[in-house]
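Architecture and fold: a report
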Amino acid sequence: MPNTSPKLKVSVVIPVFNEEQYLTNCLDSLMEQSEKADEILIVDNNSSDKSVKIAQMYPSVTIIREKKQGITPTRNRGFNAAQYDIIVRTDADTIVPKDWLKKIKKHFKIKNVVAVSGPTSFYDLPSTVTKKAAMNVHKTYLKLMNQILKHYSIFGPNMAIRRDAWIKIRNEVCNDDVKIHEDIDLAIHVAHLGKIIFDRHNEVSSSFRRFKNLDSIDSYFDYPYRVVTSIQKHKSFSVRKNGKRLMKKISPKVFIKHLQIN
């Protein structure tokens, strides 16, 4: 008997703020997908460089704009504009493998799956950081989030969510970029609607640029601080026994200890 299940359509959303150095490689990787996106939305967040001109070179790309500065309003603008069943998000400095969308769509054939995420490697690591060390930090972060939240988190450069799930939670998600990691917040809000899958075999490759200034006290504390405040913002979600113990003592310094590169 032939498969009569409806074909899932995909919208890809890419928040963009001054990404002229990276955007071409990102869009080229999307053009080369074995299963093409049904739409690609570039959400320009007040770029002052050539990002928009680069995006205009791709006829299949739609450019929309978000005036309020910040990753969360930019993401929300793109998600709200997306037309199709699955909203996929990546970052402008990320290169995705040719079967990325194919693998994502396969997971959503399971009805109770509401979100899918996956890992990233880094293509421009400084000489002082080995690939193994960077991946260990990434794995530790993901493992800790899973332990605390009692479900997988979502990782911004490599994620997807059902559009109908987004519509249900879009007025509930937090919008404070100073205190909230928007991808962790999104995972917390969507988890009660179904299952989040983390596909370790669907890896993207991103720039390490956000983590290069580890000698700066402000940048060193900012990431773990927002992880902690993202979690503490939500008092009602359940955690495992080990997660409860962690929550009692968790602080930016504790989180840094977990993520320290040796």
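Residues numbered from 1 in each chain as written. Predicted model: local features only at pLDDT ≥ 70, side-chain atom pairs only at ≥ 80, totals over all residues. Heavy atoms only, no water.

**Concerning the pattern of salt bridges**
Under the definition given, this model contains six salt bridges. For the salt bridge of Lys 105 with Glu 35, the shortest nitrogen-to-oxygen distance reads 3.2 Å. In this pair, Lys 105 is assigned in helix α4 (residues 100-107) and Glu 35 in the loop between α1 (23-31) and β2 (39-44), connecting sequence segments 70 residues apart. Of the charged contacts, one joins Glu 182 and Arg 75 as a salt bridge, the two residues approaching to 2.9 Å between their closest N and O atoms. Of the two residues, Glu 182 is situated in helix α7 (residues 182-190) and Arg 75 in helix α3 (residues 71-81); the sequence distance between them amounts to 107 residues. Using a relative accessible area of 0% as the deciding quantity, one classes Arg 75 as buried. Linked by salt bridges that have partners in common, Arg 75, Arg 89, Asp 91 and Glu 182 make up one network. (Salt bridge = Lys/Arg side-chain N within 4 Å of Asp/Glu carboxyl O. Helix = DSSP H or I, 4+ residues; strand = E, 2+ residues; numbered from the N terminus. Buried < 20%, exposed > 50% of the residue type's maximum accessible area, 1.4 Å probe, protein only.)

**A look at the environment of Lys 195**
Examined against the element boundaries, Lys 195 turns out to sit in strand β9 (residues 195-198). Exposure remark for Lys 195: the relative accessible area of 47% places this residue in the partly exposed category. In sequence terms Lys 195 and Asn 112 are 83 residues apart; their C-alpha atoms lie 5.9 Å from each other. If near-sequence neighbours (up to four positions away) are discounted, Lys 195 is found in contact with Asn 112, Val 113, Val 114 and Ala 115. (Contact = heavy atoms within 4.5 Å.)

**As for the packing of aromatic side chains**
A complete count under the given rule lists three aromatic pairs for this structure. Pairing Phe 79 with Trp 166 gives two aromatic rings, centres 5.1 Å apart and planes at 90°, and the pair type is edge-to-face. Within this pair, whereas Phe 79 is found in helix α3, its partner Trp 166 is found in helix α6 (residues 163-169), the two being separated by 87 residues in sequence. There is no split in this pair, since Phe 79 and Trp 166 are both buried. (Phe/Tyr/Trp six-rings, centres within 6.5 Å; stacked < 30°, edge-to-face > 60°.)

**So, the sheet that holds strand β5 (residues 94-95)**
Strand order across the open sheet formed by three strands is β5-β10-β7, with mixed pairing between neighbours. Since the sheet does not close on itself, it has two edges, and those belong to β5 and β7 (120-122), each with one partner. Sheet analysis places β5 next to strand β10 (residues 204-206), joined by two bridges and oriented antiparallel. If you follow Thr 94 over to β10, its bridge partner there is Ser 206. (Pairing = 2+ DSSP bridges.)

**Digging into the nonpolar core**
Core analysis: the biggest nonpolar cluster contains 28 residues, and Ile 14, Leu 27, Leu 30 and Val 88 have the highest contact counts within it. Elements represented by at least two residues in this core include exactly β1 (10-16), α1, β2, α2 (51-56), β4 (86-89), α4 and β6 (113-117). Setting aside chain neighbours within four positions, we find Leu 30 in contact with Val 12, Ile 14, Ile 40, Val 96 and Trp 100. Counting 21 residues, the second largest nonpolar core, distinct from the first, contains Phe 79, Ala 165, Val 173 and Ala 187. (Core = buried A, V, L, I, M, F, W, Y, C linked by side-chain atoms within 4.5 Å.)

**Some points on the sheet that holds β9**
Either a parallel or an antiparallel arrangement is found when strands of a sheet pair, and the pairing is made through backbone hydrogen bonds. One open sheet holds the seven strands; their spatial order is β3-β2-β1-β4-β8-β6-β9, and the pairing between them is mixed. Every other strand in the sheet has two partners, leaving β3 (61-65) and β9 as the edge strands with one partner each. Ignoring which end each strand starts from, the neighbouring axes of this sheet average 20° apart. Where β1 and β2 come together, six bridges link them in parallel fashion. Across the sheet, residue Val 12 finds its bridge partner in β2, namely Ile 40. Packing against the sheet, α7 makes contact with β4, β6, β8 (159-162) and β9, and its axis sits at approximately 35° to β8. (Axes fitted to C-alpha atoms, helices over the stretch in contact; angles between N-to-C directions.)

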